[in-house]
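These are the residues of each chain, in order.
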Amino acid sequence: PRSNVVVTPVTLRAAFEGAFLIGAALNAAQFSGRDTVGATLVRAQFNTTTSENVLKWQAVHPLPGTYDFAAADRYVAFGERNGMFIVGHTLVWHKQTPSWVFQDSSGRPVSRDTLLVRLRDHIHTVVGRYRGRIRGWDVVNEALNEDGTLRPTPWLQIIGEDYIAQAFRFAHEADPDAELYYNDYSLENAPKRSGALDLVRRLRNEGVPIAAVGLQGHDRMDWPTPAQQDSTVAAFAALGVHVMITELDIDVLPPDLNPYPDSLPDSMQQALAQRYAALFAVYLRHADAITRVTFWGVSDGSSWLNNWPVRGRTNYPLLFDRLHRKKPAFEAVVGVAQQAAAR
Ligand code: XIL
């Protein structure tokens, strides 16, 4: 609608109000008071947070019978102080999970029953501790191979295919009001997407309480195409689950090289802005289905992409630079939201 009053949303959370929640993954730096500028930025820009590492199995349950909630408690307290929709990441994964989980005291694989007991104990303890406070959980992370079949993790090999459904049931028992998600990457690629669609259909047919599929969104400058992103969101939405972009970042570096150790050339900066604008245009077209978009980090300096897949590079994947300043990509993303709101 036309109006004389031009309101310029200066924050992401204001720009996407009414469309979807907008968030960032946090690490101790932001929620333990070490990075106060980053924390201020989080409070101003975002209305949802995800735990980047502190709720992973190895962090919270490092030894048999030993839970350590010190960092996770600070994460949740930060979210509550600042009115965030708090997301927990993640309950079942093949990484950042200690090997004792799958072994008996002599190092041999445990039985299905033993592993199910351990899984239930872990999920009941962790989800139960934050019942009513952590509002959504990435219950199972990265269970699929590129070809859409189930990844041969110890979870699958020891428990069998129903480990996914069991994890969702345990989480639902521990907090019946929490939203439960399946989260994975590269679901924009056809074979993996079709495996994930089958998985979600099976879970829904079995009455498993899955609220949403998380598309991680570890994107590149040329992947996924906006058309791939569009059809992927549409395909999951058609199953009746919500869709979330859960770990958004855009890797601007060529494989194995570190061409921009000091700063990103302006042409690349503009290309990144256009790339972000194209992706957010897709997300906004699907605002009925997409309920949350979360960046995997706050500012470029603390992004995991500085150390993955190659350690010690200088990457530029987010909307805020190493001094927590808005990048052209920030303005581009806000611009897309303003255009959509003006229509
Ligand atoms: C990454 C964190 O960002 C790093 O700090 C950590 O060292 C490794 O894990 N997919 C996921 C996330 O689901 O948990 C990963 O997070 C990134 C890929």
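That block above? That's the structure.
Report on the accompanying structure. On a predicted model such as this, the values are computed, not experimentally measured, just so you know.

Along the backbone of the chain there are 12 helices and nine strands. Since a compact globule built from 343 residues should have a radius of gyration of about 20 Å, the 20 Å found for the chain is in line with a globular shape. Dimensions along the principal axes, computed over C-alpha positions, put the chain at roughly 65 × 45 × 40 Å. With 343 residues in all, the chain has 54% of them scored as buried.

Lining the immediate environment of the ligand, one finds 13 residues, of which Glu52, Lys56, His89, Glu247 and Trp296 sit closest. A distance of 2.8 Å separates an oxygen atom of the ligand from a polar side-chain atom of glutamate 247. Tryptophan 296 places a polar side-chain atom, nitrogen or oxygen, 2.9 Å from an oxygen atom of the ligand. The fraction of the free accessible surface of the ligand (410 Å²) that becomes covered by protein chains is 77%. The residue inventory of the shell around the ligand, partitioned by class, reads three nonpolar, six polar and four charged.

This part is about the pairing of strand β4 (residues 136-141). Within β4, six of the six residues are buried, leaving the element largely enclosed by the surrounding structure. With four bridges connecting them, strand β3 (residues 85-92) and β4 associate as parallel partners. Bridged to valine 87 within β4 is glycine 136. Examined bridge by bridge, β4 and strand β5 (residues 179-184) share five bridges and lie parallel to one another. If you follow asparagine 141 over to β5, its bridge partner there is asparagine 183.

Among the structural elements, asparagine 82 can be located in the loop between α5 (70-81) and β3. At 2.8 Å, the side chain of asparagine 82 forms a polar contact with the backbone oxygen of phenylalanine 78.

Within the secondary structure layout, methionine 268 lies in helix α11 (residues 266-285). In this structure the C-alpha to C-alpha distance between methionine 268 and alanine 39, which are 229 residues apart in sequence, comes to 27 Å. In this structure, methionine 268 is in contact with Val252 and Tyr260, ignoring residues within four places of it in sequence.

Next up on the list: the pairing of β5. Residues in a regular strand project their side chains so that they alternate between the two faces of the sheet. The element β5 is largely enclosed, with a buried count of five among its six residues. Here β5 runs beside strand β6 (residues 212-215); their pairing, made up of four bridges, is parallel. Directly across from tyrosine 181, in β6, lies its bridge partner alanine 212.

Taken as a whole, this structure holds 16 aromatic pairs when the rule is applied. Summarising the aromatic geometry, the rings of phenylalanine 46 and phenylalanine 295 are spaced 6.4 Å apart at their centres and angled 55 degrees between planes, so their arrangement reads as tilted. Highlighted residues: phenylalanine 46 in the loop between α3 (36-45) and β2 (48-51) and phenylalanine 295 in strand β9 (residues 290-295), separated in sequence by 249 residues. Residue phenylalanine 46 is classed as buried on the basis of its relative accessible area of 1%. Note on phenylalanine 295: relative accessible area 2%, which makes it buried. Where tryptophan 304 meets tryptophan 308, the ring centres are 4.7 Å apart and the plane angle is 20 degrees; that geometry is what we call stacked. When its relative accessible area of 25% is taken as the criterion, tryptophan 304 is described as partly exposed. A connected cluster of aromatic rings, assembled from ring pairs, spans Phe16, Phe20, Phe46, Tyr276, Phe280, Tyr283, Phe295, Phe320 and Phe330. Over the ring of tyrosine 185 we find lysine 192, and its NZ or CZ is 3.6 Å from the ring centre. Positioned above the aromatic ring of tyrosine 316, the side-chain terminus of arginine 322 is 5.0 Å from the ring centre.

How each quantity is defined
- Residues numbered from 1 in each chain as written.
- Predicted model: local features only at pLDDT ≥ 70, side-chain atom pairs only at ≥ 80, totals over all residues.
- Heavy atoms only, no water.
- Helix = DSSP H or I, 4+ residues; strand = E, 2+ residues; numbered from the N terminus.
- Rg over C-alpha atoms; globule rule 2.2 N^0.38 Å.
- Buried < 20%, exposed > 50% of the residue type's maximum accessible area, 1.4 Å probe, protein only.
- Near = heavy atom within 4 Å.
- Polar contact = N/O pair within 3.5 Å; in protein donor to acceptor, adjacent residues only side chain to side chain.
- Areas by Shrake-Rupley, 256 points an atom, 1.4 Å probe, with all protein chains shown as cover.
- Nonpolar A, V, L, I, M, F, W, Y, C, P; charged D, E, K, R; others polar.
- Pairing = 2+ DSSP bridges.
- Contact = heavy atoms within 4.5 Å.
- Phe/Tyr/Trp six-rings, centres within 6.5 Å; stacked < 30°, edge-to-face > 60°.
- Lys NZ or Arg CZ within 6 Å of the ring centre and 35° of its normal.

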